[in-house]
Amino acid sequence: MACLYRYSFLAIFGLLASASAQVDDAPPMACLIVRSGGNPYFASMTGGAEARAAELGIDLQTYVTSESGTVGGVAAAEINVGHIQKCVEDGARALLLSIAADDPGSDRETVAIEAAREQGILAVALDAFVGGVDAVFETNNTAAGVAVGTYAHASVPNPDDARIAILHCSFADIPNIYDRVVGFVSGFGLNVQYSNPTREVDFSTDVRVTSAQQYKCSSSDSAKTAMLAALQSGDAPTVVFVTNELGGFGALEAVQEEGLEGVRIMTVDGSCNGVAEVYDGGFDANIIQQPALMGKLGVDSITAFLDDGTTPGDTEIPFAFAVAEPVAGVETSSKEEAMESCWGSVDVGAEATSSAGRFIRGAWTRLATLISGAPLLVVALSLI
């Protein structure tokens, strides 16, 4: 009987040792949390991160705040905090976060992120600053706005007599939007007053700004309504700056329905159908962000952190710039470069699309990124 007990003990010890070895051999786990599963921008980011994680042997778990991207405020914060806490409990070594930073309740997210970092977990924000992170990887949105404003000033006839409409999302909720507008104002040379700490802009100080309207970033219909309101303010604008591409499509629809010509619509984001619209005559300019590159570089930072504890610094992600007609003195991308750099396809009716359709579209974008062997061609612009 003693012999039987001895062999049983040895067998159990062997199983435990084997299980321990399997745990030790498991790939390091990290988490990516994005605020919208159906938005092709975040699908591209996720696809880029997943592709790089597969290359580097990192077990990347992905979470979304909401599939539609319509959940915000305290509800979004509660979801994100739950995701962060689960990642910590599951043994994540790093967090990649692309969540809305200024929603009510975001202080709870900051607390959760700081608690994770206290346990030795790396936290990197993608696309926009989030409180409590080690670093942020994002487009220089001020530089993007400067590029558009500089191009608008150089391409419009008689810029001193230009009539400009600015359609923007909430400055309070989305710091990137404020940065784009401030950049555009600077690039065009508008005498517009703004305050960085409070994100307040007084457009009335330059008569060339004939209208400034706020719209909901996630709704092309909201932007269309804003554009129609801008058209009621007097003569049709010669330049319209719209702070995101979905809004740009809404503005374009309004201008087309009114039968107006000579209205130059310029925007930021760079989906493939948005970039195509530049060359089809709808938009005059479109900044092309690189969400897949953000995801890839985020995963690269995890590898460096795991190798030797290196914590990344803030990283500026380069962008490309598609324009209808290049002008001297303004650095822009060729059509080939722009079309190679674009991502996904913005659905102008996305706010009314079924969750099943959003899931399929997002999954297809991630798959296309994973199977693509060709690197993105990125044009880095050096702007004052």
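Model, not experiment: these values are computed from the prediction. (Residues numbered from 1 in each chain as written. Predicted model: local features only at pLDDT ≥ 70, side-chain atom pairs only at ≥ 80, totals over all residues. Heavy atoms only, no water.)

A.B. asks: Go over the overall build of the protein with me, naming the residues and quoting the values.
C.D. replies: When helices and strands are tallied, the protein shows 12 helices and 14 strands. For the protein, buried positions account for 49% of its 384 residues. Counting contacts in the protein only where the partners sit at least 6 residues apart, residues at least 24 apart contribute 74% of the total. On the protein, roughly 16800 Å² of surface is accessible, and the fraction owed to carbon and sulfur atoms is 53%. (Helix = DSSP H or I, 4+ residues; strand = E, 2+ residues; numbered from the N terminus. Buried < 20%, exposed > 50% of the residue type's maximum accessible area, 1.4 Å probe, protein only. Contact = heavy atoms within 4.5 Å. Areas by Shrake-Rupley, 256 points an atom, 1.4 Å probe, with all protein chains shown as cover.)

A.B. asks: Explain the packing of helix α5 (residues 141-155) against helix α6 (residues 175-188) residue by residue, including any values.
C.D. replies: Two elements in contact, α5 and α6, have axes whose closest approach is 6 Å; the angle formed by their N-to-C orientations is 35°. You can see that α5 and α6 cross each other, and the crossing is right-handed. In this structure, α5 contributes N141, T142, G145, V146, V148, G149, T150, A152 and H153 to the contact, and α6 contributes N176, D179, R180, G183, F184, S186, G187 and F188. Taken together, the residues of the contact of α5 with α6 break down into five nonpolar, 10 polar and two charged. (Axes fitted to C-alpha atoms, helices over the stretch in contact; angles between N-to-C directions. Left-handed = near helix turned anticlockwise from the far one by under 90°. Nonpolar A, V, L, I, M, F, W, Y, C, P; charged D, E, K, R; others polar.)

A.B. asks: Describe the packing of aromatic side chains, listing the residues and the values that go with them.
C.D. replies: The geometry of two aromatic rings is summed up by the distance between their centres and the angle between their planes. Under the criterion given, the structure shown has seven aromatic pairs. Seen from their ring centres, Y41 and F42 are 5.3 Å apart, and the 85° between their planes marks the pair as edge-to-face. Both residues of the pair, Y41 and F42, count as buried. A network of ring pairs unites the aromatic residues Y41, F42 and W343 as a single cluster. (Phe/Tyr/Trp six-rings, centres within 6.5 Å; stacked < 30°, edge-to-face > 60°.)

A.B. asks: Before we move on, could you go through the environment of R108 and cite the residues and values that matter?
C.D. replies: Note on placement: R108 falls in helix α4 (residues 106-118). Residues R108 and V81 lie 27 residues apart in sequence; the distance between their C-alpha atoms is 7.0 Å. Among residues more than four places away in sequence, those in contact with R108 are E78 and V81.

A.B. asks: Can you explain the state of the cysteines? Please cite residues and give values.
C.D. replies: Across all of its chains, the model carries three disulfides by this definition. Note on cysteine connectivity: C169 is disulfide-linked to C217, with sulfurs 1.9 Å apart. Judged by the torsion about the S-S bond (90°), the C169/C217 disulfide is right-handed. Of the two residues, C169 is situated in the loop between β6 (164-168) and α6 and C217 in the loop between β9 (209-214) and α7 (220-231); the sequence distance between them amounts to 48 residues. (Disulfide = S-S within 2.5 Å.)

A.B. asks: Requested: an account of the sheet that holds strand β14 (residues 320-323), with residues and values cited.
C.D. replies: Spatial strand order, β9-β6-β10-β11-β12-β14: six strands in an open sheet with mixed pairing. Bordering the open sheet on either side are β9 and β14, each of which pairs with just one other strand. Taken over all neighbouring pairs, the strand axes of this sheet differ in orientation by 15° on average, direction set aside. Across four bridges, β6 lies against strand β10 (residues 239-242) in parallel orientation. Each residue of the ladder has a partner; that of L167, found in β10, is V242. (Pairing = 2+ DSSP bridges.)

A.B. asks: Report on the pattern of salt bridges, specifying residues and quantitative values.
C.D. replies: Enumeration over the complete set of coordinates arrives at 11 salt bridges. A salt bridge links R208 to D160; its shortest N-O distance comes to 4.0 Å. Taken as a pair, R208 in the loop between β8 (200-202) and β9 and D160 in the loop between α5 and β6 lie far apart in primary sequence, 48 residues in all. A relative accessible area of 12% means that R208 is categorised as buried. D160 sits in the exposed class, given a relative accessible area of 60%. Each of R52, E55 and D300 takes part in a single network of salt bridges with overlapping partners. (Salt bridge = Lys/Arg side-chain N within 4 Å of Asp/Glu carboxyl O.)

A.B. asks: So what's going on with unusual backbone geometry? Which residues, and what values?
C.D. replies: The phi angle at R199 is positive, at roughly 55°, despite the residue not being glycine. Looking at R199, the relative accessible area reads 23%, which means it is partly exposed. One non-glycine residue, D269, lies in positive phi territory at about 160°. A residue is classified by how much of its surface remains accessible, and D269, at 13% relative accessible area, is buried.

A.B. asks: Please give an account of α7 that cites residues and values.
C.D. replies: Between the first and last C-alpha of α7 there are 16 Å, a value that for 12 residues agrees with the 16 Å anticipated at 1.5 Å per step. For α7, the full list of buried residues reads S220, A223, K224, A226, M227, A230 and L231. The buried residues of α7 occupy one face: seen down the axis, they fall within an arc of 160°. Capping the start of α7, S219 holds a side-chain oxygen 3.3 Å from the backbone nitrogen of D221, two or three residues further along. (Expected span 1.5 Å × (residues − 1). Arc of directions from axis to C-beta. Polar contact = N/O pair within 3.5 Å; in protein donor to acceptor, adjacent residues only side chain to side chain.)

A.B. asks: Talk me through the side chain of H168; I want residue IDs and the actual numbers.
C.D. replies: Positionally, H168 belongs in strand β6. If we skip the residues at most four places from it in the chain, H168 touches I177, V181, F203, Q213, Q214, Y215 and T243.

A.B. asks: Describe in detail the sheet that holds strand β5 (residues 135-139), supporting the description with residues and values.
C.D. replies: What the six strands build is an open sheet, ordered β2-β1-β3-β4-β5-β13; its pairing is parallel. With one partner strand each, in any of the chains shown, β2 (59-64) and β13 (315-317) form the two edges of the open sheet. In this sheet, adjacent strand axes meet at a mean angle of 20° when their direction is disregarded. Sheet analysis places strand β3 (residues 94-98) next to strand β4 (residues 122-126), joined by four bridges and oriented parallel. Across the sheet, the residue bridging to A94 is L122, located in β4. Each of β1 (29-34), β3, β4, β5 and β13 is contacted by helix α10 (residues 291-308), which is oriented at about 165° to β4, the strand it contacts most.

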